[in-house]
Amino acid sequence: MTISLRNRRAGAAATATALALASLAALAGTATPASASGRATTSGPATAATATALVPASAAALKPASPAAPAPPDSGAPAALTLPRPTGPYATGRDTLFLTDHERTDPWVPAAGARQLLVSLHYPARPGSGGDPAPYMPEAEARLMLAQRGLDDPEWPGLVAATRTFSGTDARPAPGRFPLVLLSPGFGTPRATLTGLAEELASRGYVVATADHPYESTGTELPDGRVLTCAACDEVAAQPDDAGRRKVLAAVSAGRAADFSFLLDRLTGPRPAWRHARTIDARRVGMAGHSIGGNAAASTMAADRRVDAGVNMDGTFFDPVAAHGLDGRPFLMLGTDPDHAPGAGDTSWDEGWARLDGFKRWLTVRDSGHFTFTDTPAIGEQLGIVDPDAPLSAARSTTITRAYVTAFFDRSLRGRPARLLDGPTPAHPEVLFQRP
């Protein structure tokens, strides 16, 4: 993979960026981590030393060509980063829940006790209500995520953590009841990286619950300040062969199904954990995810009949689609081209497609990369990161992801016409309809 760095100093920093994008790409498809972050739970601010997970051996072998010169005051780093503005008619609010499932032990660190979840809730809000924009992510999480990807610029964790969002804290919900969409991030990736999609869906009249799955991310900061690192990555890295790695990753997806069934109980049950739970229409629930989170959408639908529709954004089906299908429920597969085209490298999509038994679409996107469907293109472009192997611009990445995911849920959960899903359109020439 060749990486270019615009408006940044050369040398070691550029090589670090090449390492970063190589490691990001390694999480696509069936690629798996080559090293791990450690099982330990750390107290206080996390350091880069705790974040060596998921860097593939090929990337780790790269060495800086020469020392980097000291950065001048105007080194090109942006003063502030911002997510793309949501396009729907609603203002958006955000809450955070910290939940404990006392009926389950954490599958990756049993000594930690009961399984816990951190959940961001984005929702349609009344205009002008609420306080400051909700924070993007804790700086400790940003530091771990960037360090794992080889990005050691000391300015960047603070910049990424402070990325401007468009959801107000303590905002009053808009009147009415809204469909619920569950979101699950990629393996080793914090939930914050799906914020742009969550805000878009909330602005279009959905309540969106995005979960961090502890010990499955480079870093998850708990309310008490502890930072949990990626014990599940250690488990993958410890396997002797590809079959062992795939088995662990299948367990990740199945475990997330249990996480989301618990979350549905706590959002829609008789004693809901969220103060605005009355805004959820529990009869209309969808789920989408990126990478392993996309696999988890299918796993959750197989395990929980309450989820009415699912979206897999570029994730391998390590946990296969159920042999009997999904009881006629709709499913969208949205991925990179050609990697996730029929007969390409990820044959789990061919197998999954054959088992899906409801309304279904298989779309691939030209010039995209594994992280096209997350906030990574928008934030990376502002930092000056260019990936020639995924030349689709941040603007197009955002527009395509929002348009097709929203159209799918509008059709599946609201019964609205979705002509965008009928076939190719000149407005989105990068999107290919696959009909094997």
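Let me sum up the structure you'll find in this document. In this text the structure is predicted, and so the values were computed from the model without any measurement.

1. Brief notes about the packing of aromatic side chains
Here comes step 1: Summed over all chains, the structure comprises 8 aromatic pairs.
Here comes step 2: Ring plane angle 45° and centroid distance 6.3 Å describe the contact between Phe-317 and Phe-331, whose orientation is recorded as tilted. Of this pair, Phe-317 sits in the loop between β11 (309–313) and β12 (331–336) while Phe-331 is found in strand β12, placing the two residues 14 residues apart along the sequence.
Here comes step 3: Of the residues examined, Phe-331 reaches a relative accessible area of 0% and is grouped as buried.
Here comes step 4: Each residue in the set Phe-317, Phe-331, Trp-349, Trp-353 and Trp-362 is aromatic and connected to the rest through ring pairs, giving one cluster.
Here comes step 5: Lys-360 extends its terminal NZ or CZ atom over the ring of Trp-353, reaching a point 4.4 Å from the ring centre.
Here comes step 6: Residue placement shows Arg-414 over the ring face of Tyr-206; its charged tip is 4.2 Å from the ring centre.

2. Some words on the environment of Ala-211
Here comes step 1: Note on placement: Ala-211 falls in strand β7 (residues 207–212).
Here comes step 2: Among the residues examined, Ala-211 registers a relative accessible area of 0% and is labelled buried.
Here comes step 3: As for Ala-211 and Pro-185, which are separated by 26 residues in sequence, their C-alpha atoms are 7.6 Å apart.
Here comes step 4: Beyond its immediate stretch of four places on either side in the chain, Ala-211 contacts Leu-118, Val-119, Leu-183, Pro-185, Arg-191 and Phe-260.

3. Thoughts on the nonpolar core
Here comes step 1: Counting 39 residues, the largest nonpolar core has Leu-180, Leu-182, Leu-263, Leu-267, Trp-274 and Phe-331 as the members making the most contacts within it.
Here comes step 2: If we ignore the near neighbours within four places in the chain, the residues touching Trp-274 are Asp-95, Leu-97, Leu-121, Tyr-123, Val-207, Arg-266, Leu-267, Thr-279 and Ile-280.
Here comes step 3: Counting residues in hydrophobic clusters, the runner-up holds 30 residues, among them Leu-194, Ala-309, Tyr-404 and Leu-421.

4. Re the sheet that holds strand β6 (residues 178–184)
Here comes step 1: Here we have 10 strands laid out as an open sheet, ordered β5-β3-β4-β7-β6-β10-β11-β12-β13-β15, and mixed in their pairing. Strand pairing shows two members of the sheet lacking a second neighbour, β5 (167–169) and β15 (431–433), which therefore form its edges. For this sheet the average axis-to-axis angle between neighbouring strands, irrespective of direction, equals 25°.
Here comes step 2: Bridge count for strand β3 (residues 91–105) against strand β4 (residues 114–125) is 12 bridges, and the pairing is antiparallel. Within the sheet, the bridge partner assigned to Ala-91 lies in β4 and is Ala-125.

5. Notes on the pattern of salt bridges
Note on pairing: side chains with opposite charge can pair once their charged atoms come close.
Here comes step 1: A complete count under the given rule lists 21 salt bridges for this structure.
Here comes step 2: The partner of Asp-224 in a salt bridge is Arg-226, and the shortest N-O contact between them spans 2.8 Å.
Here comes step 3: In this structure Asp-224 comes out as exposed when scored by relative accessible area, which is 52%.
Here comes step 4: Members of the salt-bridge network, linked through shared partners, are Asp-101, Arg-104, Asp-106, Arg-115, Glu-216, Arg-256 and Asp-259.

Definitions and cut-offs
- Residues numbered from 1 in each chain as written.
- Predicted model: local features only at pLDDT ≥ 70, side-chain atom pairs only at ≥ 80, totals over all residues.
- Heavy atoms only, no water.
- Phe/Tyr/Trp six-rings, centres within 6.5 Å; stacked < 30°, edge-to-face > 60°.
- Helix = DSSP H or I, 4+ residues; strand = E, 2+ residues; numbered from the N terminus.
- Buried < 20%, exposed > 50% of the residue type's maximum accessible area, 1.4 Å probe, protein only.
- Lys NZ or Arg CZ within 6 Å of the ring centre and 35° of its normal.
- Contact = heavy atoms within 4.5 Å.
- Core = buried A, V, L, I, M, F, W, Y, C linked by side-chain atoms within 4.5 Å.
- Pairing = 2+ DSSP bridges.
- Axes fitted to C-alpha atoms, helices over the stretch in contact; angles between N-to-C directions.
- Salt bridge = Lys/Arg side-chain N within 4 Å of Asp/Glu carboxyl O.

Just distances and angles here, no functional claims.
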